[in-house]
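If you want the building blocks of each chain, they are given just below.
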Amino acid sequence: MNKITFLSVALLTLCLLLQSCGKDEPVERRGTSIVEVIVRNPQGEPQADKTVKVFNASDYETFKNNPQTKALLESRTDKEGKARFTLDAEEWFKGSRSAQDLYVVVEESYDARNYRWWSQLVTVRPGRRRIVRMETGDEAEHISPDSPTRHKYLLISDGVVTGLRDSSITHLVFPAEVRSIADGAFRDSHIESVVLNEGLESIGTQAFAGSRQLSAVTLPSSLKTIGPHAFEDCIALTGIDLSATALRRIEDETFRESGLKVATLPQALESIGAQAFMATRLESVSLPPALRSVEDGAFREIATLCTVTLPDGIQQIGSYAFYRCTRLVTVKSHGTATTYDGIIHEAAFSDCTALQHIALPQSLASLKGWTFSGCEQLKEITLPAHVKEIGDYALRTGFALVTLRFEGKEPPTLSNNALPFLGQLSALIVPQGRTEAYRTRWEAYPSYHNKIKEEG
């Protein structure tokens, strides 16, 4: 065999060998498939730390109704906005040369009911590399019923507003689907005005607390509850109209140290919580006829308050309810009473240094003590007909009181130093024909007997 013939035979043998190897494991099956997902926003910027999932067709249909459906593959994008998946040929193509149709999903998830995603159908072939480019943005391909992306600025989950998507937002109008505001949702925000939607029923604890630029709030008739501290320290909020709401109670410290000058209350309101309006800037307070309870310190230390109108049916005025309202001049009452066991607790009007005229509610039965201590300008007090008990120092202002009028035929019991100083007291006025009854009941206070005079 010559040299040329030998080389020809060798080359032929090598070609046959290579051909037999290709038949045993074709290139398409021998290697793995690569899917590289590149995620960008509409501005072309890479989106890091985004969840990327891969589904087959049936699982994707399930996922659309239940975002908790487990994906075949899952990863997160790197700082360049890339996620990479490796598909083993034997596992994914099962010996077949056919391609796989897969759904690639980029997902944003806040919680189980608060999510959105973008998807793309991708055909992946055995042994091939596939690059998938996806763009995210406000216009999601799929969105949950409660997703925060349904509103441009609010985070909403299952009808509950949990906060802001953009903390720089200053003016808000709520969408119709909102049913409540979560605790602390807008605490210390920069919001200046908010219009709450009809259908909203509750505002959570500290929902707007510390929002010092908040100056305007529009409340819906559907509103049933406002949580404690909800508008505390909202110093720019000068007015609030609650009249159209369904509120039955204003909770503790709801408007404490806010800038309120005017508060219009609902007619069906039944109670006002402790320190609810403390240290606001209210100028007058007119409490609705249905109100039954003003709790401890509800209106204390309001330096601007001049007049208060109480319902005659009120059952409880708490300790220090109007304490140190230093410009309060007049307390009136209105309406009718159907029960007569109302209580004014300790120091309710103490240190109201400008108070001159007071008409206590007809429901009143008991003054617990120190009611008017420090009321230096108060010259006359009228006690309604059903008062049965006057506590320690209850009628002793610490200053001269001129006239004390009792409308009840039955004299109330007196605790320690319940009556005012004799000083300039000119008369203890009692109903016609009841002088002896009062002297008998108050036999321990003989120095006051000669001050008792009958009405008219």
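Rules used throughout
Numbering of residues starts from 1 in every chain and runs along the sequence as written. Per-residue local features of the predicted model are confined to residues with pLDDT of at least 70, and side-chain atom pairs are confined, for both listing and counting, to 80 or more; whole-chain, interface and lining totals are unaffected and use all residues. Excluded from the side-chain calculations are hydrogens and water; all other atoms, namely the structure's heavy atoms, are used. Working definition: rings of Phe, Tyr and Trp (its six-membered ring) pair if their centres are within 6.5 Å, and the pair is stacked with planes under 30 degrees apart, edge-to-face with planes over 60 apart, and tilted otherwise. Helix and strand definitions follow DSSP, with helices as H or I runs of at least four residues and strands as E runs of at least two, each counted in order from the N terminus. Partly exposed residues are those whose accessible area sits between 20% and 50% of the maximum for their type, while under 20% is buried and over 50% is exposed, using a 1.4 Å probe and protein chains only. At least two DSSP bridges between two strands are required for those strands to pair. Working convention: axes come from line fits to C-alpha atoms, limited for helices to the stretch in contact. Angles between N-to-C directions cover 0 to 180 degrees. The predictor reports its confidence for every residue as pLDDT, a score running from 0 up to 100. Here a residue-residue contact requires only that any non-hydrogen atoms of the pair lie within 4.5 Å.

Caption draft 1: Representation of the packing of aromatic side chains within the structure. For the structure shown, the criterion picks out 18 aromatic pairs. Measuring from ring centre to ring centre gives 5.7 Å for F406 and Y438, while their planes differ by 55°; the resulting arrangement is tilted. You can see F406 sitting in strand β31 (residues 403-406) and its partner Y438 sitting in helix α5 (residues 435-441), a full 32 residues away along the chain. Taking the centre distance of 5.3 Å and the plane angle of 65° together, the rings of F406 and W442 count as edge-to-face. Here F406 is found in strand β31, whereas its partner W442 is found in the loop between α5 and β34 (452-454), with 36 residues between them in sequence. Residue F406 is classed as buried on the basis of its relative accessible area of 3%. Assessed through its relative accessible area of 2%, W442 is described here as buried.

Caption draft 2: Region of interest: the sheet that holds strand β13 (residues 193-195). Taken together, the three strands give an open sheet; going across it, the order is β11-β13-β15, and neighbouring strands pair in parallel fashion. Looking along the sheet, the strands with just one partner apiece sit at the ends: β11 (171-173) and β15 (216-218). Direction aside, neighbouring strands of the sheet carry axes that sit 5° apart on average.

Caption draft 3: Here's a closer look at the pairing of strand β1 (residues 33-40). Where burial is concerned, most of β1 is hidden: seven out of the eight residues are buried. In terms of strand pairing, β1 meets strand β4 (residues 82-87) through six bridges, oriented antiparallel. Of the residues in β4, the one forming a bridge with V37 is A83. Across seven bridges, the pairing between β1 and strand β7 (residues 129-135) is parallel. By the bridge assignment, I34 is partnered in β7 with R129.

Caption draft 4: Geometry of unusual backbone geometry. Backbone geometry at Q275 places phi at a positive 55°, although glycine is not the residue there. Position of Q275 relative to the elements: it lies in the loop between β20 (271-272) and β21 (284-286). The exposure class of Q275 is partly exposed, given its relative accessible area of 22%. Of note in the backbone geometry, E301 takes a positive phi value of approximately 55° without being a glycine. The residue E301 is located in the loop between β22 (293-294) and β23 (307-311) in this model. On the basis of relative accessible area, E301 is assigned to the partly exposed category, the value being 30%.

Caption draft 5: Up close: the sheet that holds strand β33 (residues 427-430). If you trace the four strands from one edge of the open sheet to the other, you get β29-β31-β33-β34, paired in parallel fashion. Sheet topology places β29 (380-383) and β34 at the edges, where each strand pairs with a single neighbour. On average, each strand axis in the sheet is inclined to that of its neighbour by 20°, with strand direction left out of account. Bridge count for β29 against β31 is four bridges, and the pairing is parallel. Among the inter-strand pairings, L383 is bridged to a residue of β31, identified as F406.

Caption draft 6: Quick look at the confidence of the model for the chain. Averaged over all residues, the pLDDT of the chain is 88; the fraction at 70 or higher stands at 88%. Every residue in residues 145-150 is under pLDDT 50, and counting partners more than four places away or in other chains gives 24 contacts.

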